[in-house]
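Given next are the chains, with one letter for each unit.
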Amino acid sequence: MKSSIHLCRERVIAVAATLSLAVTGAIAAVAPSAAAANSVSVSVDAALQLATVPVTGVGVNIPVYDANMNAAATPGLLSTAGINTVRYPGGSHSDVYHWQTGTAEGGAYVAPNTGFDAFMGTVRAAGAQPIITANYGSGTPQEAADWVRYANVTKGYGVKYWEVGNEVYGNGEYSNGNGWEYDTHSSKSATTYAINLVQYISAMKAADPSIKIGAVLTTPGYWPDGIVGPGDTMDWNHTVLSIAGSKIDFAIVHAYPTSTSPADLLTKPQAQDANITGAVRSLINQYAGSNAPNVGIAVTEANAQAYLDTSPNGLFAPDDYLTWLENGAFNVDWWDLRNGTDCTKVTTVEGATDYNDGGMVSSGSPCEPAVNSPFPVYYGIQMISRLGAPGDTLVKAASSSSLLTAHAVRRANGDVDVMLINKDPNNDATVNLSYTGFTPSSATPTVHSYLKNAHSIGTAQSGSPTTQTVPVYGITVVQMHPTGAACRVVYNKSEWSGVMVGNVTVVNNSLGQVNGWTLGFTFPGDNAVTNSWNASVSQSGPSVNARNVSYDATVPQGGSVQWGFRATWSSSDANPSAFWFNGASCAIG
């Protein structure tokens, strides 16, 4: 990350929480615009699974200098926004904060009533879980181990995820001793961090072997990525992972993209996130050995650097979260819930006031609205919970326009939801949706909308499963049920060059008890089944017939059967468009 990032070091202005927040409105406060509409095509492949929505996916930071951390309003703010992970003690304060005394090195401010137990009470009340950053800069492995033991053995909090240090590479090693991250170690090299990290891991896992511990990496493409420090022979990431890669459970990056305009900011999720996760995954595969598939990626700080409190960031936030998750991150934590501002850089962006406050809600600084007033980013993040929930499946969605981004989720009950983000500041988007691997009901879908500069999320039945209008700078989530039929097929696939794995679930909606079954379908492409499980499969050209095996012949009404196969392909592995279960035509999805 660039050393100019300042959001995680800006002290919040402590103001008593006085506003009772109401964020669930029936109709958004701003009406749709009368702008001209551009036509956009969006295709959803409900069979092509990208990732499972993780239970830790949507997180936020709350630092110990936030005087409202444990105010009565905070659990409601978190749960209403759909936050399921909260990072503590927050940014660079993590490397000066001593959890046992609730104090910080160097006179750094710690607000009253922000100790660990109080924090855990708030997190639990919100239905979330913590991610804790152990003090590397001025702490010790023993201090961190004592924290693990207190949290999980003494108190039984079950804190699973732990980081060792914050942006440790910002300790001056790459900037002639002028860094932002507090570090009292005599050597500030990547080698020193990695050696000490292994000691932290050993001590912390001795206290609770079940915990997961993450290592601080530089973000690929951000300073000081690629620079070899004076105490090392390789850059930070290669050094840390070459020493500690086989010991860690996840890798940590932070991302605050710079941008030259709102339009430029809105390109960043697609331009950067997949490249970053791909680079980190390559490093993990290189250094983590046989444990590499189990090593996760966490983005424990994310935000923009401009337009923080206005509509561009409200569009950027959900797009950023979902793009990270689609590309393999298991956790993304916004910086932060309340950040604060010194009120010296107040500007107007897209018709609204930007206070240069990196929080999701106001801290109540003198130039701002009342404490806890949501900024657009709050509502943008809240829209993620309208799209899907932990355990649902993120599936492929593609747009014909760079000014409209689509994300899609197949819910556990077979529904498919689509988020449409209109990044065009001048024109509405008329979106024509098509589906493979899913047949939507013809009923009018439920549509959730967050409009430009609005103060609530609206919900209505509108449009159709195949046509929706998304207003200028608006976010729409379309929720659809599958069409009704005697049976329903959920067809999932994972694909690589020339190889694919399909998993098929057949739900018996209204056929009575089935004693012996066949499922027929036709590949549109050139798939050739090579092996199968939980079914006996025969193929003649593109036509496939799957039959029960001895142990799964009976499927009661309301029940289901699952089977899978592996196939090769060369030109196309497109999804089947129809399935027949014992001769009955099935809905898809």
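Residues numbered from 1 in each chain as written. Predicted model: local features only at pLDDT ≥ 70, side-chain atom pairs only at ≥ 80, totals over all residues. Heavy atoms only, no water.

**Comments concerning the pairing of strand 3 (residues 85-88)**
Side-chain positions along a regular strand alternate between the two faces of the sheet.
At step 1: In strand 3, alternate side chains face the same way, and those of Thr85 and Arg87 on one face and Val86 and Tyr88 on the other are all buried.
At step 2: One ladder, built from 3 bridges, connects strand 2 (residues 58-61) with strand 3; its direction is parallel. Counted as the bridge partner of Val60 is Val86 from strand 3.
At step 3: This β-α-β element, strand 2 to helix 1 (residues 74-81) to strand 3, shows right-handed connectivity.
At step 4: Bridge count for strand 3 against strand 6 (residues 129-134) is 4 bridges, and the pairing is parallel. Bridge pairing links Tyr88 to Ile132 in strand 6. (Buried < 20%, exposed > 50% of the residue type's maximum accessible area, 1.4 Å probe, protein only. Helix = DSSP H or I, 4+ residues; strand = E, 2+ residues; numbered from the N terminus. Pairing = 2+ DSSP bridges. Right-handed = clockwise from strand over helix to strand, strands pointing away.)

**Section: the sheet that holds strand 25 (residues 518-522)**
At step 1: As summarised here, the arrangement of the 5 strands in space is 27-28-25-31-32, forming an open sheet in which the pairing is antiparallel. Every other strand in the sheet has two partners, leaving strand 27 (536-540) and strand 32 (584-585) as the edge strands with one partner each.

**Points about the nonpolar core**
At step 1: Grouped together as the largest cluster of nonpolar side chains are 115 residues, with contacts concentrated most on Phe116, Trp162, Tyr193, Met204, Trp334 and Met360.
At step 2: If you tally residues by element for this core, the top one is helix 4 (residues 190-207), at 8 residues.
At step 3: Ignoring anything within four residues of it in the chain, the contact list for Met360 reads Val60, Ala81, Ile83, Trp334, Asp336, Leu337, Pro374, Phe375, Val377, Tyr378 and Ile381.
At step 4: In terms of nonpolar packing, the next biggest core, distinct from the first, is built from 26 residues, Cys487, Phe521, Phe565 and Trp569 among them. (Core = buried A, V, L, I, M, F, W, Y, C linked by side-chain atoms within 4.5 Å. Contact = heavy atoms within 4.5 Å.)

**A look at the state of the cysteines**
At step 1: Applying the stated criterion to the full structure yields 2 disulfides.
At step 2: The disulfide partner of Cys487 is Cys586, and the gap between their sulfur atoms is 2.0 Å. Negative torsions about the S-S bond denote left-handed disulfides, and the value of about -95° found for Cys487 with Cys586 makes this one left-handed. With Cys487 in strand 22 (residues 487-496) and Cys586 in the loop between strand 32 and strand 33 (587-588), this pair connects stretches of sequence that are 99 residues apart.
At step 3: On the accessibility criterion, Cys487 (0% relative accessible area) is buried.
At step 4: Judged by relative accessible area, which is 9%, Cys586 ranks as buried.
At step 5: By sequence-ordered numbering of the bonded cysteines, the protein has its disulfides arranged as 1-2, 3-4. (Disulfide = S-S within 2.5 Å.)

**Topic: the environment of Leu265**
At step 1: Residue placement: Leu265 occurs in helix 6 (residues 262-265).
At step 2: On a C-alpha basis, the gap between Leu265 and Ala304 in space is 7.6 Å, while along the polypeptide they are 39 residues apart.
At step 3: Discounting chain neighbours no more than four positions away, the residues touching Leu265 are Ser259, Ala304, Ala306, Tyr307, Pro312, Asn313 and Phe316.

**Some words on the side chain of His254**
At step 1: Among the structural elements, His254 can be located in strand 9 (residues 250-255).
At step 2: The exposure class of His254 is buried, given its relative accessible area of 3%.
At step 3: Of note is the side chain of His254, whose polar atom sits 2.8 Å from the side chain of Glu167.
At step 4: Within the structure, the side chain of His254 is placed 2.8 Å from the side chain of Thr300, a separation counted as a polar contact. (Polar contact = N/O pair within 3.5 Å; in protein donor to acceptor, adjacent residues only side chain to side chain.)

**Some remarks on helix 5 (residues 236-244)**
At step 1: Burial in helix 5 covers these residues: Trp236, Asn237, Thr239, Val240, Leu241 and Ala244.
At step 2: Contacts from the buried residues of helix 5 go to helix 4, strand 8 (212-216) and helix 7 (268-287).

**Some details on the layout of surface pockets**
Rolled over the atoms, a probe sized like a water molecule indicates the empty space that remains.
At step 1: Quantified by volume, the largest pocket comes out at close to 460 Å³.
At step 2: What lines the largest pocket is a set of 23 residues, among which Gln270, Ala397, Thr405, Ala406 and His407 lie closest to the centre.
At step 3: Listing elements by their share of the lining of the largest pocket, those giving two or more residues are helix 8 (311-326), strand 14 (393-399) and strand 15 (404-410). (1 Å grid on protein atoms, 1.4 Å probe; cavity = no way out; pocket = protein on both sides within 12 Å on 5 of 7 lines; lining within 4 Å. Points joined across faces, edges and corners; volume = space filled by probe spheres on them.)

**Details of the packing of helix 8 against helix 9 (residues 376-387)**
At step 1: Running from amino to carboxyl end, helix 8 crosses helix 9 at an angle of 35°, the nearest separation of the two axes being 7 Å. Helix 9 is crossed by helix 8, and the crossing has right-handed handedness. Taking contact as the criterion, the partners of Ser311, Asn313, Gly314, Ala317, Pro318, Tyr321 and Leu322 in helix 8 are, on helix 9, Pro376, Val377, Gly380, Ile381, Ile384 and Leu387.
At step 2: Of the residues belonging to the contact of helix 8 with helix 9, the class tally is 9 nonpolar, 4 polar and no charged. (Axes fitted to C-alpha atoms, helices over the stretch in contact; angles between N-to-C directions. Left-handed = near helix turned anticlockwise from the far one by under 90°. Nonpolar A, V, L, I, M, F, W, Y, C, P; charged D, E, K, R; others polar.)

**Looking at the pattern of salt bridges**
Oppositely charged side chains are able to pair whenever their charged atoms sit close together.
At step 1: Under the criterion given, the structure shown has 11 salt bridges.
At step 2: A salt bridge links Arg87 to Glu163; the shortest N-O distance between them is 2.6 Å. In this pair, Arg87 sits in strand 3 while Glu163 sits in strand 7 (residues 161-164), placing the two residues 76 residues apart along the sequence. The residues Arg87 and Glu163 share a single accessibility class, namely buried.
At step 3: Ionic pairing is found between Asp573 and Lys493, a salt bridge with its closest N-O pair at 3.7 Å. Taken together, the positions of Asp573 in the loop between strand 30 (560-568) and strand 31 (579-581) and Lys493 in strand 22 put the pair 80 residues apart, joining distant regions of the chain.
At step 4: Connected via shared salt-bridge partners are Arg87, Glu163 and Glu301. (Salt bridge = Lys/Arg side-chain N within 4 Å of Asp/Glu carboxyl O.)

**A few points about the packing of aromatic side chains**
At step 1: Counting across every chain of the model gives 35 aromatic pairs.
At step 2: On the basis of an interplanar angle of 80° and a centroid distance of 6.3 Å, the ring pair of Tyr169 and Trp180 is categorised as edge-to-face. Pair noted here: Tyr169 is in the loop between strand 7 and helix 4 and Trp180 is in the loop between strand 7 and helix 4, with a separation of 11 residues, a long-range link.
At step 3: Judged by relative accessible area, which is 1%, Tyr169 ranks as buried.
At step 4: Between the aromatic rings of Tyr355 and Phe375, the centroid separation amounts to 6.0 Å while the plane-to-plane angle is 35°, which identifies the pairing as tilted. Residue Tyr355 is found in the loop between strand 13 (352-354) and helix 9, and its partner Phe375 is found in the loop between strand 13 and helix 9; the two are separated by 20 residues along the sequence. (Phe/Tyr/Trp six-rings, centres within 6.5 Å; stacked < 30°, edge-to-face > 60°.)

**Some points on the packing of helix 7 against helix 8**
At step 1: With their axes 9 Å apart at the nearest point, helix 7 and helix 8 run at an angle of 25° to one another. In terms of orientation, helix 7 lies roughly parallel with respect to helix 8. The two elements helix 7 and helix 8 meet at a crossing, and its hand is right-handed. Listed contacts from helix 8 to Lys268, Pro269, Gln270, Asp273, Ile276 and Thr277 of helix 7 are Phe316, Asp319, Asp320, Thr323 and Trp324.
At step 2: Considering only residue class, the contact of helix 7 with helix 8 consists of 4 nonpolar, 3 polar and 4 charged. (Parallel < 35°, antiparallel > 145°, perpendicular 65-115°, else oblique.)

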